[in-house]
Amino acid sequence: MIKKLRKAVLPVAGLGTRFLPATKATAKEMLPVVDKPLIQYAVEEARAAGIEQFCMVTGRGKTALVEHFDVAFELESTLRERAKSEALEALHGAQSEPGSIVTVRQQVPLGLGHAIWCARAFIGDDPFAILLPDDLVLADKPCLLQLAEAYYETGGNVVAVTEVPPEHTNRYGILKVGSDDGRLVEVTGLVEKPAPKDAPSNLSIIGRYILLPKVIDYLALMERGAGNEVQLTDAMARLIGEQPFHGLRYEGRRFDCGDKIGYLEAQIAFALKRPDLAADVRAFLKNYV
Ligand code: UTP
């Protein structure tokens, strides 16, 4: 029996060194794309895929991420008094069901794998999604919904994948590919950040995963991998052969918003999708290119 997917883990305990000084006192995941912080895009995408329960893996200086989904009582009553209905409306997506978001502290950023292991009590015996909020996907059908459909189809582990330039394999988790129908690929191996000459393909994992809880047993071994971090990719690699494991070539465009260029590109791409902004943005862009 395939268990229903209800849980998502949002690891947000990274240091965000590529975005200093902006991330000195603010979480990277609070950076806005147009007018919405990255964390809210992730939560909305997860909700669209049927997720009801969230666990944020946080660290020092990340309290704004939790505050963002709380009721802003004073702000809302002031807006109501002043009949600012549009502004009130804008707060909607930032509201969560009481009790639907829990947090755990990673305490020391030992790597993504360690961050996920910190959510083990929340995960329990259930399948769970992972969304890395700094990976933003612009898609007609939300990326995690596409992945959830693949999970219900295969009943196993599924990760969202995309082709990257062969010279960039050392930035990502890379797949060794078995059968491939152009959409779903069978994963026969996984390597974290291989040098281009050692990479088994140029198909890379992006920050969207649906995993079965077994991965926690392998994370608990706390083996250090690339960059001396506890790598999620290494624990996932151990599942291959034991459980179904697929990559899904999702439809959409991914922006790495943890990187300056990716973030700037996301601003433009998302603004151009907004009916209230697109014409003005297109007009001013002409002044620069
Ligand atoms: P990144 O590789 O983007 O690392 O982490 P980072 O620290 O956030 O940013 P840079 O590279 O220093 O600029 C990918 C995801 O894993 C989380 C991050 O918050 C991000 O969502 N992460 C990473 C943790 O939660 N804990 C860790 O120990 C490492």
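One numbering rule holds for all chains: residues counted from 1, following each sequence as written. Local features in this predicted model are restricted to residues of pLDDT 70 or higher, and side-chain atom pairs are both shown and tallied only at a pLDDT of 80 or more, whereas totals for entire chains, interfaces and linings draw on every residue. Note: side-chain values were computed over all heavy atoms of the structure, leaving out hydrogens and water.

**Q** How would you summarise the packing of aromatic side chains if you had to cite specific residues and measurements?
**A** Here a Phe, Tyr or Trp ring, Trp counted by its six-membered ring, pairs with any other such ring whose centre lies within 6.5 Å, and the pair is stacked when the planes are under 30 degrees apart, edge-to-face when over 60, and tilted otherwise. Throughout the structure, instances matching the rule amount to five aromatic pairs. Ring geometry for Phe255 and Phe270: centres 6.1 Å apart, planes at 70°, overall edge-to-face. With a gap of 15 residues between them, Phe255 in strand 13 (residues 253-256) and Phe270 in helix 10 (residues 260-272) connect regions that are remote in the sequence. The exposure classification of Phe255 matches that of Phe270, with both residues buried. In this structure an aromatic cluster arises from ring pairing among Tyr41, Phe255 and Phe270. Geometrically, a charge over a ring is one whose NZ (Lys) or CZ (Arg) sits within 6 Å of the ring centre while staying within 35 degrees of the ring normal. In this structure, Lys36 is placed above the aromatic ring of Tyr41, and the distance from its NZ or CZ to the ring centre is 4.6 Å. Here a strand is any run of E in DSSP of at least two residues, a helix any run of H or I of at least four, and the numbering for each starts at the N terminus. Burial here depends on accessible area, computed with a 1.4 Å probe over protein chains only, as a share of the maximum for the residue type. Under 20% is buried, over 50% is exposed, and the range in between is partly exposed.

**Q** Provide a residue-level description of the environment of Val137, including the pertinent values.
**A** Structurally, Val137 can be placed in strand 7 (residues 135-138). For the pair formed by Val137 and Phe255, sequence separation is 118 residues and the distance between their alpha carbons is 6.2 Å. Contacts are residue-level and defined by heavy atoms, with any inter-residue pair within 4.5 Å sufficient. When near neighbours in sequence (up to four residues on either side) are disregarded, Val137 contacts Cys143, Ile206, Arg208, Tyr250, Gly252, Arg253, Arg254 and Phe270.

**Q** Kindly report on the site of the ligand, identifying the contributing residues and their values.
**A** Leu15, Thr17, Arg18, Lys28 and Gln106 are the nearest of the 17 residues found near the ligand. N or O atoms within 3.5 Å of each other form a polar contact, as long as, within protein, one can give a hydrogen and the other can take it, and as long as residues adjacent in sequence are counted only when both atoms are side-chain atoms. In this structure, an oxygen atom belonging to the ligand sits 3.0 Å away from a main-chain N or O atom of Ala13. Contact distances for the ligand include 3.3 Å between an oxygen atom and a side-chain N or O atom of Asp134. With residues, only the protein chains shown are counted as cover, and all accessible areas are computed by Shrake-Rupley using a 1.4 Å probe. Compared with its free state, where it exposes 570 Å², the ligand has 82% of that area covered by protein. Note on residue classes: Ala, Val, Leu, Ile, Met, Phe, Trp, Tyr, Cys and Pro are nonpolar, Asp, Glu, Lys and Arg are charged, and everything else, Gly too, is polar. Among the residues forming the shell around the ligand, the class breakdown is eight nonpolar, five polar and four charged. The criterion for a residue being near a molecule or strand is simple. One of its heavy atoms has to lie within 4 Å of it.

**Q** Quick one: what's the story with the nonpolar core, residue by residue and with numbers?
**A** Buried Ala, Val, Leu, Ile, Met, Phe, Trp, Tyr and Cys residues form a nonpolar core when they are joined through side-chain atoms within 4.5 Å. One finds Leu10, Ile51, Leu144 and Ile210 to be the most contacted residues of the largest nonpolar core, which totals 32 residues. Elements represented by at least two residues in this core include exactly strand 1 (7-11), helix 1 (38-48), strand 4 (53-58), strand 6 (128-131), helix 7 (143-154), strand 8 (157-163) and strand 11 (203-211). Of all the elements, helix 7 adds the most residues to this core, at six residues. Ranked by size, the runner-up nonpolar core spans 31 residues in total, among them Val57, Ile116, Phe128 and Met236.

**Q** Describe the packing of helix 10 against helix 11 (residues 278-285), and please don't skip the residues or the numbers.
**A** How two helices sit against one another is set out by the angle between their axes and by the gap between those axes. Lines fitted to the C-alpha atoms define the axes, with helices restricted to the stretch that makes contact. Angles between their N-to-C directions range from 0 to 180 degrees. Put simply, helix 10 and helix 11 touch, their axes get as near as 8 Å, and they point 135° apart. When the axes of helix 10 and helix 11 are compared, the pair comes out oblique. From helix 10, Ile268, Ala271 and Leu272 reach across to helix 11, where they touch Ala278, Val281, Arg282 and Leu285. In terms of residue class, the contact of helix 10 with helix 11 is built from six nonpolar, no polar and one charged. Working definition: roughly parallel below 35 degrees, roughly antiparallel above 145 degrees, roughly perpendicular at 65 to 115 degrees, and oblique for all remaining angles.

**Q** Describe in detail the side chain of Glu45, supporting the description with residues and values.
**A** Its place among the elements puts Glu45 in helix 1. Take Glu45: its relative accessible area is 9%, and that puts it in the buried class. Dropping the residues within four chain positions of it, Glu45 is found in contact with Leu131, Pro142, Cys143, Leu144 and Arg208.

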